[in-house]
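Here is how the chains run, residue by residue.
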Amino acid sequence: MLSLGHLASTVMWLLLVWTTTLPLQLTNARYASCAVGEKCRMWAEEGGPAELPCSLSPQKLAHSQEQLYRGLSIRWVRRENSSRKKYHLVLKVERSGLKKMAHSMMHRATVWDPGFLKGNFSLQIEPLLKDDAGSYEAIVRSGNEVWNCHLELGVVLVTASPPGPLVASEPFRLTCNSTHPGKPTKTSWFHAGLLIQNSGRFSSLDQSLFVSRSVQSDSGPWTCELTFADGERISATYNLRIIGFTEPTSPVVYAAAGADASLPCNLNYHPTDTGVPGLTVHWTREESKAKLPPTHGNSGNFPLHLPAVGLNDTGCYLCKATIRSTTITKNVTLAVITVTQAVTEASHLLLICNLSFYAGNERFQWKHLDEVDTNHSSPEVSPKRLEVSRQGSTLEFSQVLPEDEGTWECRVHAADKLLGSVQHQLNITLSFGTKHPGPDPITYFKCPMNSKHALICYKLHDLHLTQVSSLAEGRALLSVSPRNFPALDRIVAATLPGKGVKDVIQKEKALQTE
């Protein structure tokens, strides 16, 4: 009959076996599985981590669980290929827990101590060196039992020439090497999971892949797969870094006339951070080929700042970055946004949003900034009156009203992205002045009641007025065309200092008799 203490010990042992067996299976699934008493062969990449597996099977673990509590010793050795009798110590764990290891394995080799009670005696090596390839054996002693694991470790590696980060447009070569004694019957190359064919920039020979000219999209993982006559296939990966620009090939920067502009020139890696010396960056304007003032940047950002741009600043600018005697260039186009105010033959007022350069995918949006917008859900605010219509970049007023005065903003979009905007101040006033030849624009005039001068609003017929400068308001004016606007229903006349209403009426009659 079992005692209560012995029953409790048996239950705890069963729980330990149940809870540790499944994690062992999951862990070993990441690496080559090798149980004691077996001979295994595995491959690992040079420079990365390697785990030489050695573990008890679930059946042996259940049978030897109690013995693991009594203390054990583990010894990993590497045997000479020429003789099974010669070996070199790699790592040793004594019953007391003291560890010893070879000088070449200092800070590189370890075992997972908590895994001992789970029957896991695997050896971890990081970073793995090419010289670590060879035959390994683990000798595990627990009580009166001795277990052995035999493994053949092979090392595979992809090297790049030239080494280190490359500069876009530089050629490079990738070579796949392994410690396998045979010669591969087939070598395949993959970039980001896609098979590389011999064409264009790519040509493969033996175990090497040559790329005649690198592009920025070549960044990322390159994998080689070696197939041998016995059917064994091994692979290794190299993560290639290409120094280049982060923006699109030829970006366009949109800026309002009179505003500052910043032209981008950003590198995805700063060469000094990747160990590549010798970086110089300068800007030139393509039209003049002259060098612009030197630019200073940090973290790979070297923008060109242009203050108060105008139409003369429109054009293509070139950012040149020279790295390790290799020069890469980037075109940036500056497009200046302006607004033109015009009148058609039908006496309609037009506000035209102009670009000094068109990429072809621009979309225009007009908004009256002085108008209270109650529809916040609409991404594009259009004029609500029937007298105002929008066609592309043009805003047309068939009849200008006082509430149209204020700031109008033209926004330039591409898809859902705002590229830039410009604001135009529309002022509506009236004053008299000198007659100028040529057709004159037309507008609706309001009574600026806050003026310090007396004002009279009255009806004039066939009034001939021309464009003049402002007297009281000091703002830009729109005026009346005698040919296009023969009858004004309402107009505002401002009395000048020292003159009365009669003077204004007499001036009106004089204009009508001309």
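Higher on the page you've got the structure.
Residues numbered from 1 in each chain as written. Predicted model: local features only at pLDDT ≥ 70, side-chain atom pairs only at ≥ 80, totals over all residues. Heavy atoms only, no water.

(A) Quick look at the state of the cysteines. The final tally for this structure, using the stated rule, is five disulfides. A disulfide bridge connects Cys-54 with Cys-149, and the sulfur atoms are separated by 2.0 Å. Across the S-S bond of Cys-54 and Cys-149 the torsion is about 75 degrees, and the bridge reads as right-handed. One end of the pair, Cys-54, is in the loop between strand E2 (50–52) and helix H2 (58–68); the other, Cys-149, is in strand E9 (residues 145–161), and 95 residues separate them in sequence. Comparing Cys-54 with Cys-149 shows no difference in burial state: the two are buried. (Disulfide = S-S within 2.5 Å. Helix = DSSP H or I, 4+ residues; strand = E, 2+ residues; numbered from the N terminus. Buried < 20%, exposed > 50% of the residue type's maximum accessible area, 1.4 Å probe, protein only.)

(B) Structural detail: the pairing of strand E11 (residues 172–178). The pairing of E9 with E11 spans six bridges and is classified as antiparallel. The residue of E11 that forms the bridge with Thr-159 is Thr-175. Relative to strand E15 (residues 208–211), E11 runs antiparallel, the two sharing four bridges. Residue Phe-172 lies in a different strand from E15, and its bridge partner there is Val-211. (Pairing = 2+ DSSP bridges.)

(C) Representation of the pairing of strand E12 (residues 186–191) in the model. Bridge count between E12 and strand E16 (residues 220–227): six bridges; the pairing is antiparallel. When the bridges of E16 are listed, His-191 appears paired with Trp-222. Pairing geometry for E12 and strand E13 (residues 194–195), over two bridges, is antiparallel. Paired with His-191 across the strands is Leu-194, a residue of E13.

(D) Spatial organisation of the sheet that holds E12. On the basis of which strands lie adjacent, the open sheet formed by four strands has the order E13-E12-E16-E17 and antiparallel pairing. Among the strands making up the open sheet, the edge pair consists of E13 and strand E17 (233–240). As judged from the eight bridges shared by E16 and E17, these two strands associate in the antiparallel manner. Of the residues in E17, the one forming a bridge with Leu-226 is Ile-234.

(E) Layout of the sheet that holds E2. An order of E2-E7-E6 is seen for the three strands of this open sheet, with the pairing classed as antiparallel. Lying at the two open borders of the sheet, with one neighbouring strand each, are E2 and strand E6 (109–111). Neighbour-to-neighbour, the strand axes of the sheet open up by a mean angle of 25 degrees, direction not taken into account. Where E6 lies against strand E7 (residues 123–125), three bridges are found, and the strand directions are antiparallel. Across the sheet, Ala-109 pairs through a bridge with Ile-125, a residue of E7. (Axes fitted to C-alpha atoms, helices over the stretch in contact; angles between N-to-C directions.)

(F) Looking closely at the pattern of salt bridges. With the rule as written, the count across this model stands at nine salt bridges. A salt bridge links Lys-99 to Asp-113, with the shortest nitrogen-to-oxygen separation between them at 2.8 Å. Taken together, the residues Lys-99 in strand E5 (residues 99–101) and Asp-113 in the loop between E6 and E7 connect sequence positions 14 residues apart. Judged by its relative accessible area of 33%, Lys-99 falls in the partly exposed class. The class for Asp-113 is partly exposed, based on a relative accessible area of 34%. One salt bridge connects Arg-233 with Glu-225, and the closest N-O pair in it is separated by 3.8 Å. The exposure class of Glu-225 is partly exposed, given its relative accessible area of 23%. (Salt bridge = Lys/Arg side-chain N within 4 Å of Asp/Glu carboxyl O.)

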